[in-house]
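Coordinate analysis (summary)
Listed below are the residues making up each chain.
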Amino acid sequence: MVTEINFDGIVGPSHNYAGLSLGNLAATSHAGDASYPRAAALQGIAKMRHNMALGLPQGFFVPLPRPNPDYLPRLGATPETDPVLTAQSWSASSMWTANAATVSPAPDSADGRCHLTPANLVTMPHRAQEWPDTMRQLALAFADRTHFALHDPVPPTFGDEGAANHMRLCEGHGAPGVEVFVYGRSGGAFPARQHEQASRAVARLHGLDPARTVFVEQAPEAIAAGAFHNDVVSVANERVLFTHAEAFADQQGAYDAIRAKFPALEVVEVPSDAVSLGEAIKTYLFNAQLLTLPSGEMGLVVPTECTDSPAVSAWLDSMVASNGPIRRVLPVDVRQSMANGGGPACLRLRVVADPATVDPRFILSEAKADLLERTITANWPEQIDMADVGNPALAKDIVAARQALLEALDLSELG
Ligand code: SUG
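Residues numbered from 1 in each chain as written. Predicted model: local features only at pLDDT ≥ 70, side-chain atom pairs only at ≥ 80, totals over all residues. Heavy atoms only, no water.

Before going further, it helps to examine the nonpolar core. Counting 69 residues, the largest nonpolar core has Phe7, Phe142, Phe248 and Val351 as its most contacted members. In terms of residues, this core owes the most to one element, helix H2 (residues 37-53), which gives five residues. Core analysis: the next-biggest nonpolar cluster, separate from the first, contains 20 residues, Val270, Leu290, Cys306 and Met319 among them. (Core = buried A, V, L, I, M, F, W, Y, C linked by side-chain atoms within 4.5 Å. Buried < 20%, exposed > 50% of the residue type's maximum accessible area, 1.4 Å probe, protein only. Helix = DSSP H or I, 4+ residues; strand = E, 2+ residues; numbered from the N terminus.)

Now for the sheet that holds strand S3 (residues 101-104). Taken in spatial order, the three strands line up as S3-S4-S5 in an open sheet, and their pairing is mixed. This sheet does not close on itself; its edge strands, each paired only once, are S3 and strand S5 (148-150). Strand-to-strand twist across the sheet, computed as the mean angle between neighbouring axes with direction ignored, equals 15°. In this structure, S3 lies alongside strand S4 (residues 114-118), joined through four bridges in antiparallel fashion. For Thr102, the partnering residue across the bridge sits in S4 and is Thr117. Where helix H6 (residues 131-141) meets the sheet, its contacts fall on S3, S4 and S5, and the angle it forms with S4 comes to roughly 160°. (Pairing = 2+ DSSP bridges. Axes fitted to C-alpha atoms, helices over the stretch in contact; angles between N-to-C directions. Contact = heavy atoms within 4.5 Å.)

Attention shifts here to the environment of Leu371. Mapped onto the secondary structure, Leu371 falls in helix H14 (residues 366-379). For the pair Leu371 and Leu409, spaced 38 residues apart in sequence, the C-alpha to C-alpha distance is 8.5 Å.

On to the packing of aromatic side chains, then. Considering all chains together, one arrives at eight aromatic pairs under this definition. Ring centres of Phe7 and Phe61 lie 5.1 Å apart, and the angle between their planes is 10°; this geometry places the pair in the stacked category. Remark: Phe61 occurs in strand S2 (residues 58-61) and Phe7 occurs in strand S1 (residues 3-9); sequence separation between them is 54 residues. Ring pairs connect the aromatic residues Phe7, Phe61, Phe142, Phe148 and Phe362, which therefore count as one cluster. Between the NZ or CZ atom of Arg200 and the centre of the ring of Phe215, over which it lies, the distance is 4.1 Å. (Phe/Tyr/Trp six-rings, centres within 6.5 Å; stacked < 30°, edge-to-face > 60°. Lys NZ or Arg CZ within 6 Å of the ring centre and 35° of its normal.)

For the α-helix, the turn length of 3.6 residues means that residues three or four positions removed from each other point alike. Its 14 residues give H14 an end-to-end C-alpha distance of 20 Å, which sits within 8% of 20 Å, the value for a rise of 1.5 Å per residue. The complete set of buried residues in H14 reads Lys368, Ala369, Leu372, Thr375 and Ile376. End-on view of H14: buried residues confined to an arc of 130°, all on one side of the axis. Across from the buried face of H14, at angles greater than 90 degrees, the exposed residues are Ala367, Arg374 and Ala378. Where the residues of H14 are buried, they touch H2, S2 and helix H15 (392-408). (Expected span 1.5 Å × (residues − 1). Arc of directions from axis to C-beta.)

What follows deals with the site of the ligand. Lining the immediate environment of the ligand, one finds 21 residues, of which Leu20, His126, Arg193, Asp231 and Cys346 sit closest. Between the ligand and Ala18 there is a distance of 3.5 Å, counted from an oxygen atom to a backbone nitrogen or oxygen. Surface burial for the ligand is 99%, taken as the share of its 490 Å² of free accessible area covered by protein chains. Considered class by class, the residues forming the shell around the ligand number eight nonpolar, 10 polar and three charged. (Near = heavy atom within 4 Å. Polar contact = N/O pair within 3.5 Å; in protein donor to acceptor, adjacent residues only side chain to side chain. Areas by Shrake-Rupley, 256 points an atom, 1.4 Å probe, with all protein chains shown as cover. Nonpolar A, V, L, I, M, F, W, Y, C, P; charged D, E, K, R; others polar.)

This part is about the sheet that holds strand S12 (residues 289-292). The strand order across the open sheet built from three strands is S12-S13-S14, with neighbouring strands paired in mixed fashion. In this open sheet, the two edge strands, each paired with only one partner strand, are S12 and strand S14 (326-332). Ignoring strand direction, the axes of neighbouring strands in this sheet form an average angle of 25°. Of the strand pairs in this sheet, strand S13 (residues 298-303) and S14 are connected by six bridges, and their pairing is parallel. Each residue of the ladder has a partner; that of Pro303, found in S14, is Val332. The sheet contacts of helix H12 (residues 310-321) involve S13 and S14, and relative to S14 the element is tilted by about 145°.

The subject of this paragraph is the pairing of S12. Neither face of S12 is open: one carries Gln289 and Leu291, the other Leu290 and Thr292, and all of them are buried. Of the pairings in the sheet, the one linking S12 to S13 comprises four bridges and is antiparallel in character. The residue bridging Leu290 from the neighbouring strand is Leu300, located in S13. Taken together, S12 and the strand that follows it, S13, pair antiparallel across an intervening segment of five residues, in which Gly296 is found at a positive phi of about 100°.

Counted under the stated rule, the structure contains 20 salt bridges. The residue Arg127 makes a salt bridge to Glu130 at a minimum N-O spacing of 2.8 Å. For the residue pair Arg127 and Glu130, the accessibility class agrees, reading buried in each case. Between Arg335 and Asp333 there is a salt bridge, and its shortest N-O distance comes to 4.0 Å. The network of salt bridges with common partners includes Arg49, Glu366, Asp370 and Glu373. (Salt bridge = Lys/Arg side-chain N within 4 Å of Asp/Glu carboxyl O.)

The next subject is the packing of H2 against H14. The contact between H2 and H14 brings their axes to 10 Å, and the two run at 170°. By the angle between their axes, H2 is roughly antiparallel relative to H14. Packed against H2, whose contacting residues are Arg38, Ala41, Leu42, Ile45, Arg49 and Met52, the element H14 presents Glu366, Ala369, Asp370, Leu372, Glu373, Ile376 and Thr377 at the interface. Split into classes, the residues belonging to the contact of H2 with H14 amount to seven nonpolar, one polar and five charged. (Parallel < 35°, antiparallel > 145°, perpendicular 65-115°, else oblique.)

As a further point, take the state of the cysteines. With the rule as written, the count across this model stands at zero disulfides. Looking at Cys114, it has no disulfide partner, and the nearest cysteine sulfur is the one in Cys170, 13 Å off. Here Cys114 falls in the buried class, since its relative accessible area comes to 1%. Cys346 provides the cysteine sulfur closest to Cys306, a residue in no disulfide bond, and the two sulfurs are 12 Å apart. (Disulfide = S-S within 2.5 Å.)

By themselves, these observations are geometric and do not establish any function.
Listed below in structure tokens is the structure:
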């Protein structure tokens, strides 16, 4: 049966706070903090278990090889002399799988296959190294060519950040959808990471019908305020677009453009006087997983930062008390990821497909979650201080930890 499967990125053993992402205020404000990779990865597993317990199918991707063995040699650099490049080569940023690829489900594409394009992530050096290894993993997980088409990334001329800037509206996940691509043009002092031409290229390559495709510009003010991806200020599921009032360059124009192609659109807009743009970005209210539960009701999986905020929790209470389409609020603790600007929605890639067509090694079960927890507890470093990044002994432990995970999951070919 075709359904939505969320593939979460397992937090890698090198998780650290190097402050590498300009424009990502959480990441830059935590630069230099000690990180807790073991706790971070266990928080991620707990989130996956939480969503599985709701009756939802769950997949995962494994961390990429870090420190990336090719990164420094190809730049003629060394850990002794180049600390920033070294931190880039250690980045565990592939945990945010919303940036792994853009996915167009089979009902939307001309050839009736589910199309995936890995994101080139060229704007940030530590992220631009991800796609070749991401692609290897996608090729394995979605090897069934009768159901999946895997493209090369868009050429690096145009920055592409994947599903974080892509939304899909539909009557049900298995029905044809209208795909909305959100791009940035400018963002004050901060870069616009999703280029319009990258979005247009992905839509063409995926064989989408122009009558069911919409391109919308993100508000430059939102980028300037720290919304470095659209999924920091909007999320969609089925008929519902849940968005901040200041998400798009032309807010009403965006609603009209989507409604012209998807008349059933229901907008749940959070006004700025209820939750300011700054508070929305700080709490990651919109970096939520908006999920259709088995009952047919929609639930919003939010980070606990939202329920800690008086303004956001008051707004969420009023939303649930109203007769709106989002019926449940489900908080999860992903604080280690949040401190690097990655909430519940960043940590997952949505793929609409029949789970039976996916390599079962990437599908989670309770028993496999137990196995992941045991492997992480036994192998992931408990703490990494910034001064440890580049340390050869720690690098060895990190490589061994990932290897132990691959062996446990029978995925040694990704070694
Ligand atoms: O690309 N943080 C990530 C967070 C990605 C969030 N993803 C979505 N919004 N979908 C980024 O900015 C921080 C890494 C560091 O500073 O060490 C980082 O890469």
